[in-house]
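Each chain, letter by letter, is given below.
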Amino acid sequence: MSQESSHRVVALVDEGSNPFELACAIEVFGLRRPELGRALYSFALCAPEPDTVMRDGFFTLSGVADLSATESADTVIVPNRPDTEVPRRAEVLDALRAAHARGARLVGFCSGAFTLAEAGLLDGRRAACHWMWADAFRRRFPGVRLEPDVLFVDDGDILTASGSASALDLGLHLVRRDHGAEIANAVSRRLVFAAHRDGGQRQFVERPVPQVPDASLAPLLVWAQERLGEPLTVAGLAARAGVSPATLHRRFRAELGTTPLAWLLGERIALACRLIERGEPRLDVVARDSGLGSAANLRAHLKRATGLSPSAYRRRFGAAPVEATSAITA
């Protein structure tokens, strides 16, 4: 089994960086995946100094590459830290500017958006950051189009995640973008993490604890995921859960940060992607089995979600097609 990958990911670590986001980067991009039969990425850490003190002095990182590692990276994960008002050192910002100029993809987890903005790479662009720092970010970087209440923002070659846990959401989004939904699902299963949370979902902000906690949505979600090809409705989901549609909306907002309809659409698009990847060549069958209805509807939603037509998605991520009388067409 080959363990080589042509896509090189480098995580840049600087003084005060958060260990959690660093661990997320290592977990998603750095681990070998023997169960998949191939490596998804090659991965390295780099830092501007031989020894880097992590956040609050928890530990000191040493033995990693210097900043020259960013010169050959396809994706650079930028450093983040809680003291967002302290300027980044010039050599770190210069390395990020150079990487971006030659076409590398840049990824900021949590307060990493401050690093990218300080480098001048987010001017006029969309970005996400943690809700606690949204006002401070706007004051310092008014030229950035901050989206303060989403999990992450994919702006093409620069992507930003809002908070610590959303680093995993963004990491899995990148795996999905690079390798398809089936591989992303396999990685999420190994992480024991939700396979798909769309970037537009709301961050979990502070809210009062209810006097009587709502029951978990998990059984309902599993039930719905097994029936995506059926005509599911919000009223039907609410009846299944034994609550009113208004209560169901409230629970979805509280637990998932989205609406029932938006969740259903995301699950159906993800299923459609998996069906195409597994070799189903008939658009009408993919649309029917995923609950998206018509081939035209499937084309529109897939294009909006992935930037690809069904035929382009199949060329990029699909397996050998099964025999059929009607092939996928764009």
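Our subject is the structure listed above.
What comes next is a walk through the structure. (Residues numbered from 1 in each chain as written. Predicted model: local features only at pLDDT ≥ 70, side-chain atom pairs only at ≥ 80, totals over all residues. Heavy atoms only, no water.)

### What about the pairing of strand β2 (residues 42–46)?
In step 1: Judged from the five bridges that link them, strand β1 (residues 8–12) and β2 form a sheet pairing that is parallel. What sits directly across from Leu-12, in β2, is Cys-46.
In step 2: For the handedness criterion, the β-α-β arrangement of β1, helix α1 (residues 19–30) and β2 is classed as right-handed. (Pairing = 2+ DSSP bridges. Helix = DSSP H or I, 4+ residues; strand = E, 2+ residues; numbered from the N terminus. Right-handed = clockwise from strand over helix to strand, strands pointing away.)

### Focus on the pattern of salt bridges
In step 1: Tallied over the entire structure, the rule returns 20 salt bridges.
In step 2: When the shortest N-O distance is used, the salt bridge between Asp-155 and Arg-126 registers 3.6 Å. Here Asp-155, found in the loop between β9 (152–154) and β10 (158–161), pairs with Arg-126, found in strand β7 (residues 126–127); they are 29 residues apart in sequence, far enough to count as distant.
In step 3: Judged by its relative accessible area of 24%, Arg-126 falls in the partly exposed class. (Salt bridge = Lys/Arg side-chain N within 4 Å of Asp/Glu carboxyl O. Buried < 20%, exposed > 50% of the residue type's maximum accessible area, 1.4 Å probe, protein only.)

### Focus: the environment of Arg-138
In step 1: With respect to the helices and strands, Arg-138 occurs in helix α4 (residues 134–140).
In step 2: Taking the C-alpha atoms as reference points, Arg-138 and Pro-148, 10 residues apart in sequence, are found 9.6 Å from one another.
In step 3: With residues up to four places along the chain from it excluded, the contact list for Arg-138 reads Leu-146 and Pro-148. (Contact = heavy atoms within 4.5 Å.)

### What about unusual backbone geometry?
Glycine aside, residues mostly have negative phi, and peptide bonds are mostly found in the trans state.
In step 1: The backbone phi angle of Asp-56 is positive, close to 55 degrees, even though this residue is not glycine.
In step 2: For Asp-56, the location among the structural elements is in the loop between β3 (51–53) and β4 (60–62).

### Structural notes on the nonpolar core
In step 1: Leu-248, Phe-252 and Tyr-313 are the most contacted members of the largest nonpolar core, which totals 33 residues.
In step 2: Put simply, the parts of the chain that give this core at least two residues each are α7 (218–225), α8 (234–241), α9 (245–256), α10 (260–277), α11 (283–290), α12 (295–306) and α13 (310–317).
In step 3: Ranked by residue count, the leading element in this core is α10, at eight residues.
In step 4: One finds Val-10, Cys-46, Ala-69 and Leu-106 within the second-largest nonpolar core, a separate group that totals 32 residues. (Core = buried A, V, L, I, M, F, W, Y, C linked by side-chain atoms within 4.5 Å.)

### Re the environment of Ala-119
In step 1: Counting through the fold element by element, Ala-119 comes out in the loop between α3 (112–118) and β7.
In step 2: For Ala-119, a relative accessible area of 7% gives the class buried.
In step 3: Sequence separation of Ala-119 and Ala-95 is 24 residues, and the distance between their C-alpha atoms is 9.4 Å.
In step 4: Contact partners of Ala-119, with chain neighbours within four places excluded, come to Leu-93 and Arg-97.

Geometric descriptors of this kind do not, in isolation, establish any biological role.
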